[in-house]
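Descriptive structure summary
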Amino acid sequence: MNQTKKEKWIKKLPLLQEIIEKKEVLWRNPSNSDSATGIAQSGISAEDVKDASNRLKRFAPYIEKVFPETASSKGIIESPITPIPKMKQSLAAKYETQIPGELLLKQDNALPISGSIKARGGIYEVLKHAETLALVHGLIKTDENYTKFAEPEFRNLFAKHKIAVGSTGNLGLSIGIMSAKLGFNVTVHMSADAKQWKKDLLREKGVTVVEYADDYSKAVEEGRRQAEADPLCHFVDDENSIDLFLGYAVAGERVESQLREREIKVDNDHPLFVYLPCGVGGGPGGVAFGLKLQFGDNVHCFFAEPTHSPCMTIGMMTGLHDKVSVADFNLDNQTAADGLAVGTPSGFVGKKMEPLLEGCYTISDNTMFELLTMIADTENIRLEPSALAGMTGPIQAIRHQIPLADSSNATHLVWATGGSMVPETEMNMYYGIGRAITEKSTGNNE
Ligand SMILES: *Cc1c(COP(=O)(O)O)cnc(C)c1O
């Protein structure tokens, strides 16, 4: 984007100037509309999400068999919702802002198998592909017991097929672990900055890891190119995959039943606010869509992004979606929040979110680290930096006078997107960084 164009955008949308200055901002989406209209426009229906949910139920006996850690949920990959009252107190004190409603944490950091939100969409897409192949080859019918997927004839079939994905982290872990377990020939294309422990872990599980000297986009592009040349290869496309989106969207019905079990009401007088860390957009977009299907206009979803990588915020504000990058507004896309270091958002997701999203806000790396240490100290919960992006949501919503956010009837659900796969030494380092920042803090989070 040239200078004149950029200046025009800033004149039209003055908030962009604050975004360029890397301030923590909140943007309210003026296109947010009624849920029914938004869902109808999306081209995705409740039946599509139900179909994904039923597929995950068919696979549950297989998942339980091959991942014994899922036994307590009978092979359903789900995370708990946890009240965090001590964290709420500490947040209120730090920001001198009361949160009258209840504060809950959705603990995707504790999702079995791959310890992040990617265990929803990523694993779903691999299972769907495996099922399609097994049906085509006459190995299974949908009313049979899917523990059969662990048998040698299935593994022999999958060994002739390839799955590929470009990822710096959690998506690679989810796709790699699930594909290798089924017996697929799986390749994860990783950029130079990917963490060594992730490469090691994947190789240990029998995944081929290809490393690139370039950044994430290059790894994805190269992976896609290689996959397209091979008819037996399925490429998982983080930017455009409807299956990933549907896998994430199943979270909506799960949250609905978890809140019901806790006797937490969501209705006209009891709004639900949900804060979702956003990278390319598929995870938070799919989850928000699933929540809208369940709760309609009574759920209010926000996306949270690093101040250095607010790609979805800029894409939605300008309506340019995947035609704009954070670099167009002088931002360097450098952040310690692994899954969120994305320069260009998914246009597929951004367009679907236009009538459904309440807004977006940004958070600095320093704030994420401080809150990482705070929740470890107050609630003994260990999260990776990205997973803290949602945590300032209630404060931001209340300070910006989002209607009903300050209601004592409101429930604030912060989506903690990852953490349990991070090695202890790495986690201790994160904790130390947060502690040091907190000690130096002057209350100014630039
Ligand atoms: C991938 C990821 C996200 C965001 O998901 P997107 O689909 O990229 O928007 C958030 N948190 C963590 C920990 C992730 O790995």
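Procedures and definitions
Residues numbered from 1 in each chain as written. Predicted model: local features only at pLDDT ≥ 70, side-chain atom pairs only at ≥ 80, totals over all residues. Heavy atoms only, no water. UniProt positions renumbered as here; feature names shortened; annotations may be inferred. Helix = DSSP H or I, 4+ residues; strand = E, 2+ residues; numbered from the N terminus. Contact = heavy atoms within 4.5 Å. Axes fitted to C-alpha atoms, helices over the stretch in contact; angles between N-to-C directions. Parallel < 35°, antiparallel > 145°, perpendicular 65-115°, else oblique. Expected span 1.5 Å × (residues − 1). Buried < 20%, exposed > 50% of the residue type's maximum accessible area, 1.4 Å probe, protein only. Arc of directions from axis to C-beta. Near = heavy atom within 4 Å. Polar contact = N/O pair within 3.5 Å; in protein donor to acceptor, adjacent residues only side chain to side chain. Areas by Shrake-Rupley, 256 points an atom, 1.4 Å probe, with all protein chains shown as cover. Nonpolar A, V, L, I, M, F, W, Y, C, P; charged D, E, K, R; others polar. Pairing = 2+ DSSP bridges. Domains from an automatic or database assignment. Buried area = accessible area lost by both parts, 1.4 Å probe. Salt bridge = Lys/Arg side-chain N within 4 Å of Asp/Glu carboxyl O.

Let's shift gears to the UniProt feature "modified residue: N6-(pyridoxal phosphate)lysine" (unreviewed entry) in the protein. The sites that UniProt annotates as "modified residue: N6-(pyridoxal phosphate)lysine" (unreviewed entry) are K118. Note that K118 resides in helix α6 (residues 118–136). Look past the residues within four positions of K118 in its chain and what remains in contact with it is I123, N170, L171, S174 and Y248.

Turning next to the packing of helix α8 (residues 170–182) against helix α9 (residues 196–204). One can describe the packing of α8 onto α9 by two numbers: an axis separation of 10 Å at closest approach and a directional angle of 5°. Regarding the angle of α8 to α9, the classification is roughly parallel. Note on element contacts: α9 touches α8 through W197, K198, L201 and L202, opposite N170, G172, L173, G176 and I177.

Glancing now at helix α18 (residues 424–440). Compared with an ideal rise of 1.5 Å per residue, which puts 17 residues at 24 Å, α18 spans 24 Å between its outermost C-alpha atoms and is within 8% of the ideal. Buried within α18 are the following residues: E426, M427, Y430, Y431, G434 and I437. Taken around the axis of α18, the buried residues stretch over an arc of 140°, which confines them to a single face. Exposed and oriented more than 90 degrees from the buried face of α18 are E424, T425, E439 and K440. Elements that come into contact with the buried residues of α18 comprise α9 and α16 (365–379).

This part takes up the site of the ligand. Near the ligand lie 15 residues; those nearest to it are K118, N170, G281, G283 and T417. At 2.7 Å, a side-chain N or O of K118 approaches an oxygen atom of the ligand. One of the backbone nitrogen or oxygen atoms of G279 is found 2.8 Å away from an oxygen atom of the ligand. Contact with the protein chains hides 98% of the accessible area of the ligand, taken as 370 Å² for the molecule alone. When residues in the shell around the ligand are grouped by element, the largest group, three residues, is from helix α13 (residues 282–295). Residues of the shell around the ligand, tallied by class, amount to five nonpolar, eight polar and two charged.

This brings us to the sheet that holds strand β4 (residues 162–166). Here we have four strands laid out as an open sheet, ordered β6-β5-β4-β7, and parallel in their pairing. Two strands in the sheet have a free side with no partner beyond their single neighbour: β6 (208–212) and β7 (233–236). Averaged over all adjacent pairs, the angle separating strand axes in this sheet is 20°, with direction ignored. Of the pairings in the sheet, the one linking strand β5 (residues 185–191) to β6 comprises five bridges and is parallel in character. Residue pairing for β6: M190 is matched across the bridge by E211. Of the strands in this sheet, β4 and β7 are in contact with α6, which crosses β7 at around 155°.

On to the domain arrangement of the protein. Each assigned domain of the protein is listed with its residue range as follows: domain 1 (3–65 + 74–114 + 245–441) and domain 2 (118–244). Between the C-alpha centres of domain 1 and domain 2 there is a distance of 26 Å. Interface of domain 1 and domain 2: buried area, both sides summed, is about 3,200 Å²; carbon and sulfur atoms make up 63% of it. In terms of surface lost to domain 2, no three residues of domain 1 exceed F59, Y62 and Y248, which account for 22% of the buried area on that side. The interface formed by domain 1 and domain 2 contains six salt bridges.

So, on to the sheet that holds strand β3 (residues 102–107). In a beta sheet, neighbouring strands are held together by backbone hydrogen bonds and run either parallel or antiparallel to one another. Overall, mixed pairing links the seven strands, which are arranged β1-β10-β9-β8-β11-β3-β2 in an open sheet. Of all the strands in the sheet, just β1 (26–28) and β2 (81–83) have a single pairing partner and so form its edges. Direction aside, neighbouring strands of the sheet carry axes that sit 25° apart on average. Across five bridges, strand β9 (residues 299–306) lies against strand β10 (residues 359–363) in parallel orientation. Counterpart to F302 in the pairing with β10 is G359.

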